[in-house]
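Structural description and commentary
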Amino acid sequence: MGKGKNAYDCVLEELKVLERLKHPNIIWLHEIIDDPKKEKLILITEWQKRGSIASMMGKDMRLYFIDMIKALYYCHKTAKVIHRDIKPDNIMINHNNQAILIDFGVSAIVEKPEDVTMDSGMGSYLFYAPEMFHISCCGSVHGEKTDIWALGITFYYLLTGDYPWKDAKNPL
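Before going into details, it helps to say that this report is about the structure given with it. (Residues numbered from 1 in each chain as written. Predicted model: local features only at pLDDT ≥ 70, side-chain atom pairs only at ≥ 80, totals over all residues. Heavy atoms only, no water.)

**Quick word on the nonpolar core**
Quick note on the threshold: Residue types Ala, Val, Leu, Ile, Met, Phe, Trp, Tyr and Cys, when buried and joined through side-chain atoms within 4.5 Å, form a set referred to as a nonpolar core. Buried, partly exposed and exposed residues are distinguished by accessible area as a fraction of the type maximum, computed with a 1.4 Å probe on protein chains only: under 20%, between the cut-offs, and over 50%, respectively. Every helix listed is a DSSP run of H or I at least four residues long, and every strand listed is a run of E at least two residues long, numbered separately from the N terminus. Here a residue-residue contact requires only that any non-hydrogen atoms of the pair lie within 4.5 Å.
One finds Leu-21, Leu-101, Phe-104 and Phe-155 to be the most contacted residues of the largest nonpolar core, which totals 36 residues. Among the secondary structure elements, those contributing two or more residues to this core are α1 (7-20), α2 (61-79), β4 (91-93), β5 (99-101) and α4 (143-160). Of the residues forming this core, the biggest block, eight residues, is contributed by α2. If we skip the residues at most four places from it in the chain, Leu-21 touches Ile-26, Tyr-74, Cys-75, Ala-79, Val-81 and Phe-104.

Below is the structure:
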């Protein structure tokens, strides 16, 4: 959750992001049901029939990688969104055997070019770019580049079953 924000505010931020995303390789938000009687928000998204890419290690990875490059290019250049949590669990495979990027819970909208630098470490440590570990001393990191780094680590793991550093443990 974001600093000083409650769960409801975080979901509202994620909704703002999802509402601006319209791409075949990004989860599609069908409907939002706001039930004030139960103090709940229900998000209806498309069903990803084949599940997480993490269960398909080695199979069709070249095609899935291309799908994710398209999704990230759209996020960064068209929708102005930095995902900040690229990892195998956040890539699903749909009924057409296409990779779909999901979980925009820690993402950020970056309207201005100078906003592409992020000043907080979000995401999963095993997929962090090296500079994200030094954010306190360096001030900020480039959000688009850290998404691309995380995508590279994700597919390295999916192709080899290992992380590129010797002592990393599998958190999945």
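Now, onward.
**Regarding a nonpolar patch on the surface**
What counts, and what does not: Within this analysis, patches are made of residues with over 30% relative accessible area and no salt bridge. Like charges are joined at 9 Å or less; nonpolar side chains (Val, Leu, Ile, Met, Phe, Trp, Tyr) at 5 Å or less. Per-residue and other accessible areas were derived by the Shrake-Rupley procedure at a 1.4 Å probe size, with only the shown protein chains allowed to occlude residues. Salt bridge criterion: a side-chain nitrogen from Lys or Arg within 4 Å of a carboxyl oxygen from Asp or Glu.
Together, Ile-33, Ile-42 and Ile-44 give the surface a local cluster of nonpolar side chains, amounting to about 210 Å² of exposed area. Residue classification places Ile-33 among the partly exposed residues on the basis of a relative accessible area of 34%.

**Regarding the environment of Gln-48**
The condition that has to hold: In protein, a polar contact means a hydrogen-donor-capable atom and an acceptor-capable atom, both N or O and within 3.5 Å, with residues adjacent in sequence counting only if both atoms are side-chain atoms; elsewhere, any N or O pair within 3.5 Å suffices.
Locating Gln-48 in the fold gives a position in the loop between β2 (40-45) and α2. Spatially, the C-alpha atoms of Gln-48 and Ile-27 are 8.7 Å apart, while their sequence positions differ by 21 residues. The contacts of Gln-48, once residues within four sequence positions are left out, are Ile-27, Met-92, Ile-93, Asn-94 and Ile-100. Side-chain polar atoms of Gln-48 contact the side chain of Glu-46, separated by 3.4 Å.

**Considering α4**
Here is the rule we go by: The span one expects for a helix is its residue count, reduced by one, times 1.5 Å.
Over its 18 residues, α4 runs 26 Å from end to end, which matches the ideal 26 Å to within 8%, given 1.5 Å per residue. Within two residues after α4, Gly-161 carries a phi angle of roughly 80°, on the positive side.

**Structural notes on the pattern of salt bridges**
Scanning all chains against the criterion turns up three salt bridges. Residue Lys-77 pairs with Glu-144 through a salt bridge whose shortest N-O separation is 3.1 Å. With Lys-77 in helix α2 and Glu-144 in helix α4, the pair connects residues that are 67 residues apart, well separated along the chain. Taking the shortest distance from any N to any O, the salt bridge between Lys-87 and Asp-85 comes out at 3.8 Å. Exposure remark for Lys-87: the relative accessible area of 17% places this residue in the buried category. Overall, Asp-85 belongs to the buried group, its relative accessible area being 11%.

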